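Each chain is listed here by its residues.
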Amino acid sequence: MNSFQTLKIFATALLVAVLAGPVIQRLLPGWAALAGEVGSGGAWFASIMYHIVYGIIIGVGAALAATLLGRFDRVLTLPGAVIAALASVLLFDAGYVLLKPQVGAFAWLALALVLISFTAHAVMSFIPVGRNSGEANRESD
């Protein structure tokens, strides 16, 4: 996979995390407490800011998956990257709510997010989302 395609996958994962992450977090429990502390606008701002950081981490996992899978002639499409990034954000936000009292250092949390992202993007390269039927059939041979 060329570097421009890898950059597009990184940017796609970042964009999905920034756009979908705050909405997902808004639907999870704990939003009312955050909004009560910093106000509704402040809660949205804080959510967008840390989803930018999470989006960069998810993008790194996506870029690693795309690069590694490219060496094995697997293709990660942009629609596949969108689905995988969305799944990564959803899993991470839900997991953070469930495990919040047990979360220690941010480094471990970031490593877990990279692994979640890498795994989700690797799985999506095996599902023919965004590829025409000729490409999918050729890969199955």
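Procedures and definitions
Residues numbered from 1 in each chain as written. Predicted model: local features only at pLDDT ≥ 70, side-chain atom pairs only at ≥ 80, totals over all residues. Heavy atoms only, no water. Helix = DSSP H or I, 4+ residues; strand = E, 2+ residues; numbered from the N terminus. Buried < 20%, exposed > 50% of the residue type's maximum accessible area, 1.4 Å probe, protein only. Areas by Shrake-Rupley, 256 points an atom, 1.4 Å probe, with all protein chains shown as cover. Phe/Tyr/Trp six-rings, centres within 6.5 Å; stacked < 30°, edge-to-face > 60°. Patch = residues over 30% accessible without salt bridge, like charges linked within 9 Å, V, L, I, M, F, W, Y side chains within 5 Å. Salt bridge = Lys/Arg side-chain N within 4 Å of Asp/Glu carboxyl O. pLDDT = per-residue confidence, 0-100. Contact = heavy atoms within 4.5 Å. Polar contact = N/O pair within 3.5 Å; in protein donor to acceptor, adjacent residues only side chain to side chain. Expected span 1.5 Å × (residues − 1). Bend = angle between axes of the 7 residues up to and from the residue. Axes fitted to C-alpha atoms, helices over the stretch in contact; angles between N-to-C directions. Parallel < 35°, antiparallel > 145°, perpendicular 65-115°, else oblique. Left-handed = near helix turned anticlockwise from the far one by under 90°.

## Some points on the overall build of the protein
Helix and strand counts for the protein come out as 5 helices and 0 strands. The order of helices and strands in the protein, counted from the N terminus, is α-α-α-α-α. The buried share among the 141 residues of the protein stands at 37%. When the accessible area of the protein is evaluated, it comes to approximately 7,900 Å², of which 72% is carbon and sulfur surface.

## Focus: the packing of aromatic side chains
One pass over the structure, following the stated rule, counts 3 aromatic pairs. Geometrically, the ring pair formed by Tyr54 and Phe92 is edge-to-face, given 4.8 Å between the ring centres and 75° between the ring planes. Of this pair, Tyr54 sits in helix H2 (residues 31-70) while Phe92 sits in helix H3 (residues 78-99); the two residues are 38 residues apart in sequence, bridging distant segments of the chain. Tyr54 gets classed as buried once you look at its relative accessible area, which sits at 9%. Taken together through their ring pairs, the aromatic side chains of Tyr50, Tyr54 and Phe92 make up a single cluster.

## Description of a nonpolar patch on the surface
Among the surface-exposed residues, Val23, Leu27, Trp44, Phe45, Ile48, Met49, Ile52, Ile56, Val60 and Leu64 lie close enough to one another that they form a single nonpolar patch of about 880 Å² accessible area. Those elements giving two or more residues to the nonpolar patch turn out to be helix H1 (3-27) and H2. Its place among the elements puts Phe45 in helix H2.

## Details of the confidence of the model for the protein
Of all residues in the protein, 85% have pLDDT values of 70 or greater, and the mean over the chain is 83. At the low end of the mean pLDDT range in the protein sits helix H5 (residues 133-140), at 48; at the high end sits H1, at 92. Contacts from residues 136-141, a stretch scored under 50 in pLDDT, to residues over four places away or in other chains number 5 contacts.

## Some thoughts on the side chain of His51
Here His51 is to be found in helix H2. A polar contact of 2.9 Å, which involves the side chain of His51, links it to the side chain of Asp93. His51 has contacts with Ala17, Val18, Gly21, Pro22, Gln25, Val89 and Asp93, leaving out every residue within four places of it along the chain.

## Some remarks on H1
Counted at 1.5 Å a residue, the expected span for H1 with its 25 residues is 36 Å, and the 36 Å between its end C-alpha atoms agrees. The sharpest bend along H1 comes to roughly 35°, located at Ala20, with the proline Pro22 sitting one to four residues further on. Those residues of H1 lying buried are Gln5, Thr6, Ile9, Thr12, Ala13, Val16, Ala17, Ala20, Gly21, Pro22, Ile24 and Gln25.

## A look at the packing of H2 against H3
Relative orientation of the contacting elements H2 and H3 amounts to 125°, with a least axis distance of 11 Å. By the angle class used here, H2 and H3 are oblique. Once H2 is placed against H3, the crossing between them reads as right-handed. Residue-level inspection shows His51, Tyr54 and Ile58 of H2 in contact with H3, the latter providing Ala85, Ser88, Val89, Phe92 and Asp93.

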